[in-house]
Amino acid sequence: MHIFKTLEWLRVNRSLASILACIAALTLMLRRRKRQQLITDYSQVARELDSQGREFDEYDYIVVGGGTAGCVLACRLTEDPRIHVLLVEAGSSGKALAESRTPSSFQRLARTTHDYKLSTIPQPHAGNRMVFWPRARLLGGCSSMSAMMALYGAPSDFDEFAEIVGDDSWCWENFKQYFLKFENYFPNSQFPNVDVSQRGSSGPVSIGHSAYTWKGSEMFIDACVNAGIPFNLNFNTSSETIGVNNVASVEALSDYLTLTVTYIDRHGVRVSTEAAYLTPTVLARSNLKVVTEARVTKILFDTSIQNRTPRAVGVEFSSFAQKGAGKRFRATARKEVIMCCGTVHTPQILMLSGVGPKTHLTEHNIPVVVDHPGVGSNLSDHVAFFVRFAEKMGISLGYLQPSDLRTKFKLWRDLLEYRLRGTGPLSSNIGGAAAFCRSDDPILFPEYGYDKAQDSTSGPGSPDLELIVTSVLIRADGKGIGNGYTLLPVLLRPTSVGTIRLKSADPWEDPLIDPNYLSTQHDIDVLVRGVRLAYKVAHTSPLSDLTDSTNDDPNLDHHFGRLSDDELQQIVRSRADTFYHPVGTCAMGREGAAGTVLDSQMRFIGVSGLRVCDASIFPRLVLGHTTGVVIAAAEKLADIIKAEYK
């Protein structure tokens, strides 16, 4: 009876019933909310630590940049299972890219999504041109898209490093162990006289002579010898660097020629540091995490304690594809952040993070963490000039970029050989042989008499010029190849230095690259002598049998022999190019010395918990190529860190 009366009352008083229902619901919600304040699911408010007391986004070391050095460090550091490493790379893997794996195809990666596609600012002493600077956006960095020549430099280069940094561990006799540590040299029956006792045999990086030797390379070597450059059987050893040899091997430099060694395996495939160090077994390690397609935009610093040295404690990164429009992520480092982004991007990220020249950072409204004028300074790069010749024997490999059915057939033929056997022209890097000499050699340059150029080298037995022969004609625009061949004189120790500076505070905007090419008289004088040498060698037997001296194509350089030095200087300034070896923008040195950024242990001076390991650390250019030296430096740093780890 009471239930019916209640229902009748609710029917008559519907508004009041609604109010009472709302009050009841609100009371229930408040009671539940109070209960929710008592959390038993700790993951709602905290992150679980692992057995060694780390959070999931906390690592012992964060390696920024999976380039030539970054892959080495990620592998070597995580050999110790106690050390947890995060590797952050802006690019992707290059292992599946045919353009990277195939030695002859490396140029096809330029100006693609795997390249940063950088350019310098206009160079006032080099025709006011913006020079294209390819920089790899791939695991393995430029070791995944370079010409693969394994030429480490002169022994005196490393003795000079030791003097500059005040640490004998960098001298040749002590540092050479790291070349042997990474090398896995495989002998070639075509080169039986190579002293294999001076080569590493158990490292992760395969090096050796290509299975293919272009006939023109052999003619080049003989012509260099006839011109006065001695043959050098072994570059990259304790002997002098000068000489000539084949570019299919690893050797050391002075007045010599050589068929040089390349980073290639027994199957004719490029060996990048990704391929050598980030193997499936290494990637399966539980203490290594590798992030790709992520751009680090900032280093995080702890500046909370006044008057204490700032400490690098982590990094901030975002999706490269979204270029700042996506989410930002942070990871922290218990020990150190190690910058391995290269000569361009390492100083850029440092400056974006507030570490660099104070006046420059202030211009871009970037809060200054550390005023360090050496960051981004001391930029130096090898300068090359392409001397182009027609050839009359029909042996050029210009058909690798086919233009008709006949050349397509030749390419398909060679492609089939390479796929089946790993041999043939496609297994070569198109740079067949190299010579190293001094520009003050009276035998090579008698026309200059006693007018010696300034000696910028690291020692009296080291070269300041390299001369490379290629089996194709490299076009003037740098965007292709053709029939013919090219000689490349390279200025090995320029005295011109430049800078890397920010264009803005936007981490997604490319920095300003100013190598200051050919700004000193020394540089233009030496490079002109290099051009003279190239012309001389091209017209010395037996290479003269290949050179079509009657060719009058204005796009080629057969007329150079009729030009004065002043005329050649103008042409050199209008066409000089990078040889892709920039260094020096975070240079090692003695603390307090002008321009010093790092100590000899690659620690950043003025910031704790921060190191740098890439080509930017070298205070001077090596008188060779930089890839091997960067790998060796990374091997050295890995040993240093593992010895320090507690």
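Everything below is about the structure shown above.
This is a predicted model, so every value here is computed, not measured. Residue numbers here run from 1 along each chain, matching the order of that chain's written sequence. pLDDT decides what is reported in this predicted model: residues at 70 or higher carry local features, side-chain atom pairs at 80 or more are listed and counted, and totals for whole chains, interfaces and linings draw on all residues regardless. Heavy atoms throughout the structure, all of them, feed into the side-chain values; hydrogens and water do not.

Enquirer: Give a detailed account of helix α6 (residues 172-182), specifying residues and quantitative values.
Expert: Here α6 has its buried residues at Trp172, Phe175, Tyr178, Phe179 and Phe182. Buried residues of α6 fall within an arc of 115 degrees about the axis and therefore sit on the same side. For this analysis, residues touch if any pair of their heavy atoms sits within 4.5 Å. A run of H or I in DSSP becomes a helix once it reaches four residues, and a run of E becomes a strand once it reaches two; helices and strands are each numbered from the N terminus. Tucked inside the fold, the buried residues of α6 contact α5 (155-165), β5 (183-185), β6 (205-207), α8 (273-277) and α15 (627-644). Categorising residues by exposure relies on relative accessible area from a 1.4 Å probe, with only protein chains included: less than 20% of the type maximum marks a residue as buried, more than 50% marks it as exposed, and the intermediate range marks it as partly exposed. For this quantity, the arc is that covered by the directions from the helix axis to the C-beta atoms.

Enquirer: Mind laying out the state of the cysteines, listing which residues take part and the relevant values?
Expert: Cysteine sulfurs are considered disulfide-paired once they come within 2.5 Å of each other. Summed over the entire model, instances satisfying the criterion amount to 0 disulfides. The thiol sulfur of Cys224 is not disulfide-bonded, and the nearest other cysteine sulfur, from Cys437, lies at 8.3 Å. By relative accessible area, which is 0% here, Cys224 ends up buried.

Enquirer: Describe unusual backbone geometry, and please don't skip the residues or the numbers.
Expert: Omega for the peptide link from Ser541 to Pro542 comes to 5 degrees, which places this bond in the cis form. Mapped onto the secondary structure, Pro542 falls in the loop between α13 (521-538) and α14 (565-575). Positive phi, close to 55 degrees, is recorded for Lys117, a residue that is not glycine. Along the chain, Lys117 falls in the loop between α4 (98-101) and β3 (118-119). The exposure class of Lys117 is partly exposed, given its relative accessible area of 42%. Of note in the backbone geometry, Ile430 takes a positive phi value of approximately 65 degrees without being a glycine.

Enquirer: Residue-level account of the packing of α5 against α6, with values.
Expert: Lines are fitted to the C-alpha atoms to define the axes, a helix being fitted only along its stretch in contact, and any angle between axes, read from their N-to-C directions, falls within 0 to 180 degrees. Orientation of α5 relative to α6, taken along the N-to-C sense of each, is 115 degrees, at an axis distance of 9 Å. On the basis of their axis angle, the class for α5 and α6 is roughly perpendicular. For the pair α5 and α6, the crossing hand works out as right-handed. Residue-level inspection shows Pro155, Phe158 and Asp159 of α5 in contact with α6, the latter providing Trp172, Phe175 and Phe179. Looking at the contact of α5 with α6 residue by residue, the classes come out as 5 nonpolar, no polar and 1 charged. Each angle gets one of four labels, with under 35 degrees taken as roughly parallel, over 145 as roughly antiparallel, 65 to 115 as roughly perpendicular, and the rest as oblique. For a crossing to be left-handed, the near helix must be turned anticlockwise from the far one by less than a right angle; the clockwise case is right-handed. Polar here means any residue outside two lists: the nonpolar Ala, Val, Leu, Ile, Met, Phe, Trp, Tyr, Cys and Pro, and the charged Asp, Glu, Lys and Arg; Gly therefore counts as polar.

Enquirer: Can you break down the side chain of Glu391 residue by residue, with the values?
Expert: In this structure, Glu391 sits in the loop between β16 (387-389) and α12 (405-421). Only four residue types enter the tally: Lys and Arg on the positive side, Asp and Glu on the negative side; His and the chain ends are excluded. What makes a salt bridge here is a side-chain nitrogen of Lys or Arg within 4 Å of a carboxyl oxygen of Asp or Glu, nothing more. For Glu391, which is buried and forms no salt bridge, the nearest opposite charge comes from Lys410, at a distance of 8.0 Å. Polar contacts involving the side chain of Glu391 include one to the main-chain amide nitrogen of Gly394, which spans 2.8 Å. Definition of a polar contact: a pair of N or O atoms within 3.5 Å, with one able to donate and the other able to accept a hydrogen when the atoms are protein atoms, and with sequence-neighbouring residues admitted only if both atoms are side-chain atoms. Of note is the side chain of Glu391, whose polar atom sits 2.8 Å from the backbone nitrogen of Ile395. In contact with Glu391, other than residues within four places in its own chain, are Ser396, Gly484, Tyr485, Leu546 and Asp548.

Enquirer: A description of the packing of α6 against α15 should follow, citing residues and the corresponding values.
Expert: How two helices sit against one another is set out by the angle between their axes and by the gap between those axes. At a closest axis distance of 8 Å, the pairing of α6 and α15 adopts a crossing angle of 100 degrees. Viewed along their axes, α6 and α15 adopt a mutual orientation that is roughly perpendicular. In this structure, α6 contributes Phe175, Tyr178, Phe179, Lys181 and Phe182 to the contact, and α15 contributes Gly628, Val629, Ile631, Ala632, Ala633, Glu635, Lys636 and Asp639. When the residues that make up the contact of α6 with α15 are grouped by side-chain class, the tally is 8 nonpolar, 1 polar and 4 charged.

Enquirer: Describe α12, naming the residues involved and giving the relevant values.
Expert: Expected helix span is taken as 1.5 Å per residue step, with the number of steps being one fewer than the number of residues. Taking 1.5 Å as the rise per residue, α12 with 17 residues should run 24 Å; its terminal C-alpha atoms sit 24 Å apart, in good agreement. Along α12, the residues that are buried comprise Thr407, Lys410, Leu411, Asp414 and Tyr418. Relative to the axis of α12, the buried residues are bounded by an arc of 95 degrees and lie together on one face. More than 90 degrees from the buried face of α12, the exposed residues found are Leu405, Arg406, Phe409, Trp412, Leu416, Arg419 and Leu420. Taken together, the buried residues of α12 touch α4. Where α12 starts, the residue carrying a side-chain oxygen 3.2 Å from the main-chain nitrogen of Arg406 turns out to be Asp404. Immediately beyond the C-terminal end of α12, within one or two residues, lies Gly422, with a positive phi of roughly 70 degrees.

Enquirer: Can you explain the pattern of salt bridges? Please cite residues and give values.
Expert: Tallied over the full model, the rule gives 26 salt bridges. With a closest N to O distance of 3.1 Å, Arg438 and Asp440 form a salt bridge. Classification of Arg438 as buried rests on a relative accessible area of 8%. Close ionic contact of Arg611 with Glu644 constitutes a salt bridge, the shortest N to O distance being 2.4 Å. Of the two residues, Arg611 is situated in strand β25 (residues 610-612) and Glu644 in helix α15; the sequence distance between them amounts to 33 residues. Look at Arg611 and you get buried, because its relative accessible area is 1%. Connected through salt bridges with shared partners, the residues Arg76, Glu79, Lys181, Glu635, Asp639 and Lys642 form a single ionic network.

Enquirer: Tell me about the nonpolar core, residues and numbers included.
Expert: As used here, the term nonpolar core means buried Ala, Val, Leu, Ile, Met, Phe, Trp, Tyr and Cys residues forming a set that is joined through side-chain atoms within 4.5 Å. Within the largest apolar cluster, 97 residues are counted, with the highest numbers of intra-cluster contacts made by Leu73, Trp170, Phe604, Leu610 and Phe618. The dominant element in this core, judged by the number of residues it contributes, is α15, at 10 residues. Phe604 has contacts with Leu350, Val355, His372, Val375, Val597, Leu598, Leu610, Arg611 and Val612, leaving out every residue within four places of it along the chain. Residues Phe386, Leu397, Ala538 and Leu623 belong to the second largest nonpolar core, which totals 82 residues.

Enquirer: Report on the packing of aromatic side chains, specifying residues and quantitative values.
Expert: The geometry of an aromatic ring pair is captured by the separation of the ring centres together with the interplanar angle, meaning the angle of the planes. Centres within 6.5 Å make a pair out of two Phe, Tyr or Trp rings, where for Trp the six-membered ring is used; the pair is then stacked when the planes are under 30 degrees apart, edge-to-face when over 60, and tilted otherwise. Under the counting rule described, the total for this entry stands at 21 aromatic pairs. Here the aromatic rings of Tyr61 and Tyr645 are separated by 6.5 Å at their centres, their planes lie at 50 degrees, and the arrangement is tilted. Here the residue Tyr61 occupies a position in strand β1 (residues 58-64), and Tyr645 occupies one in the segment after α15, the gap between them amounting to 584 residues. Residue class for Tyr61 comes out buried when judged on its relative accessible area of 3%. Relative accessible area serves as the criterion here: at 10%, Tyr645 is assigned to the buried category. Between the aromatic rings of Phe385 and Phe560, the centroid separation amounts to 6.2 Å while the plane-to-plane angle is 35 degrees, which identifies the pairing as tilted. Taken together, the residues Phe385 in the loop between β15 (383-384) and β16 and Phe560 in the loop between α13 and α14 connect sequence positions 175 residues apart.

Enquirer: Describe the environment of Ser156, with residues and values.
Expert: The topology assignment puts Ser156 in helix α5. By relative accessible area, which is 19% here, Ser156 ends up buried. If we skip the residues at most four places from it in the chain, Ser156 touches Ser458, Gly459 and Ser462.

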